[in-house]
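Each chain, written out:
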Amino acid sequence: MITWDRVDELVTHARVTGSGYSRVNCPACWERHGSPDHKASLSANRETGWWKCHRCDWRGRLAGFHDDPADRLALVPDDPPVIEVEEPSDYWPLGPESRWVLRRATAYLDTRGIPESTWTAARLGYARTGRHQGRIILPMEDADDWRTLGFAARTIRGDVPKYLTALGLDRSWSLYNGDQLTSGSLDPILGVEGPISALRHWPRAVAYLGKPTTGQLARLARASRVSGRPIVQVLDGDAWRAGLASAQTLRAAGVACWALALPAGQDPDTHDPVELWDAALYAAQEGTDVDLG
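What counts, and where the lines are drawn
Residues numbered from 1 in each chain as written. Predicted model: local features only at pLDDT ≥ 70, side-chain atom pairs only at ≥ 80, totals over all residues. Heavy atoms only, no water. Helix = DSSP H or I, 4+ residues; strand = E, 2+ residues; numbered from the N terminus. Buried < 20%, exposed > 50% of the residue type's maximum accessible area, 1.4 Å probe, protein only. Contact = heavy atoms within 4.5 Å. Core = buried A, V, L, I, M, F, W, Y, C linked by side-chain atoms within 4.5 Å. Disulfide = S-S within 2.5 Å. Phe/Tyr/Trp six-rings, centres within 6.5 Å; stacked < 30°, edge-to-face > 60°. Lys NZ or Arg CZ within 6 Å of the ring centre and 35° of its normal. Pairing = 2+ DSSP bridges. Axes fitted to C-alpha atoms, helices over the stretch in contact; angles between N-to-C directions. Right-handed = clockwise from strand over helix to strand, strands pointing away.

J.: Got a sec to walk through the overall build of the protein chain? Specific residues and values, please.
T.: When helices and strands are tallied, the protein chain shows 10 helices and 14 strands. In terms of overall dimensions, the protein chain has a C-alpha envelope of 65 × 40 × 35 Å along the principal axes. Here the protein chain holds 293 residues, and 51% of them are scored as buried. Of all intrachain contacts in the protein chain linking residues separated by at least 6 positions in sequence, the fraction that spans at least 24 positions is 62%.

This is the structure we're talking about:
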């Protein structure tokens, strides 16, 4: 399994040019390109930390670099402001008993590889009328009063936007499946972008509803310090830089957090759950970022 640690080791002992770059033989070319690199194809910017192999297109960032200062996390309030959240326009629970009544919704979940047991555990529903018509209703947290905590609504018909979130929902703080942070488990928490990806890896994942915000990272950091659970960022394949940068920000804040980089064009919900979970365990146990490309 390829890890970025080897690049850190090679670059640390490499000469720095006048333009601030170091070049080393890429350790991943054998696996990614089919033959070893003997021409120092991997170039690392010693000022920004970003590196790239110009032969096999492997990319990453050196340890110790992060975009968002860790101090920003400490400035986030402990509790979000109290606001009024919209309720779904319609809600029909999805489960084995509704498979044939709500065939379009359940067929969509089947195509996304989400089992019936998860439909029930995540309290998934379907809206047949109103503003959220034709969308899967995804309660943000598993609570009796989930309607007051907000929800996301994912279209099954190709509507734009793909997701609607409850009006009034504080996206800068909220996490889909956020109650997983206090579940008592000691397994790593997977941080993914979309709720469908979280459902694919249920119940081990929380979703940011997009790229992670400072408030969401602060919430993760505080929960991790209390529980001791490591965090593994698994953003979409085209967002590997954001995933790595957010993991480095949390590490700079003293949190055990690592990143998995997926191949371009892959998302956590299209990646094999067993393989991804094995990679997440490896990252957390070995304390390293991992490239699955």
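J.: Explain the nonpolar core to me, using residue names and the numbers behind them.
T.: Ranked by size, the top nonpolar core spans 45 residues in total, and within it Leu94, Leu124, Ile136, Tyr176 and Leu260 carry the most contacts. For this core, the element with the highest residue contribution is helix 10 (residues 273-286), accounting for five residues. If near-sequence neighbours (up to four positions away) are discounted, Leu260 is found in contact with Val232, Gln233, Val234, Leu276, Ala279, Ala280, Ala283, Val290 and Leu292. Val7, Trp58, Ile189 and Leu235 belong to the second-largest nonpolar core, a separate cluster that totals 41 residues.

J.: A description of the state of the cysteines should follow, citing residues and the corresponding values.
T.: Taken as a whole and assessed by the stated rule, the structure comprises zero disulfides. As a non-bridged cysteine, Cys53 has Cys29 as the owner of its nearest cysteine sulfur, 3.6 Å distant. Look at Cys53 and you get buried, because its relative accessible area is 0%. No disulfide involves Cys56; its nearest neighbouring cysteine sulfur is the one of Cys53, lying 3.7 Å away. Given the relative accessible area of 11%, Cys56 is considered buried.

J.: I'd love a proper account of the packing of aromatic side chains, names of residues and values included.
T.: Here a ring pair, both rings aromatic, is described through the centre-centre distance and the interplanar angle of the planes. Taken as a whole, this structure holds five aromatic pairs when the rule is applied. Geometrically, the ring pair formed by Tyr91 and Trp146 is tilted, given 5.0 Å between the ring centres and 55 degrees between the ring planes. Of this pair, Tyr91 sits in the loop between helix 3 (71-74) and strand 5 (92-93) while Trp146 sits in helix 6 (residues 146-149), and the two are 55 residues apart along the sequence. One aromatic cluster in this structure is built from Trp4, Trp51 and Trp58. Positioned over the ring face of Tyr91 is Arg147, at 5.0 Å from the centre of the ring. It is Arg241 that lies over the ring of Trp50; its NZ or CZ is 4.5 Å from the centre.

J.: Break down the sheet that holds strand 1 (residues 21-24) for me, with residues and values.
T.: Taken together, the four strands give an open sheet; going across it, the order is 1-2-3-4, and neighbouring strands pair in antiparallel fashion. Since the sheet does not close on itself, it has two edges, and those belong to strand 1 and strand 4 (59-61), each with one partner. Taken pair by pair, the neighbouring strands of this sheet meet at an average axis angle of 20 degrees, ignoring direction. Both strand 3 (residues 50-53) and strand 4 contribute to a ladder of three bridges, which runs antiparallel.

J.: Requested: an account of the pairing of strand 10 (residues 189-192), with residues and values cited.
T.: Neither face of strand 10 is exposed, since Ile189 and Gly191 on one face and Leu190 and Val192 on the opposite face are all buried. Examined bridge by bridge, strand 10 and strand 12 (residues 231-233) share three bridges and lie parallel to one another. Looking at the pairing, Ile189 lines up with Ile231 of strand 12. Where strand 10 lies against strand 11 (residues 205-207), three bridges are found, and the strand directions are parallel. Within strand 11, the residue paired with Gly191 across the bridge is Val206. Handedness of the crossover joining strand 10 and strand 11 through helix 7 (residues 195-200): right-handed.

J.: Residues and numbers for the environment of Asp236, please.
T.: Mapped onto the fold, Asp236 is located in the loop between strand 12 and helix 9 (240-252). The class for Asp236 is buried, based on a relative accessible area of 16%. Along the sequence, Asp236 and Asp267 sit 31 residues apart, while their C-alpha atoms lie 4.5 Å from each other. In this structure Asp236 touches Glu193, Gln266, Asp267 and Pro268, once residues within four positions along its chain are discounted.

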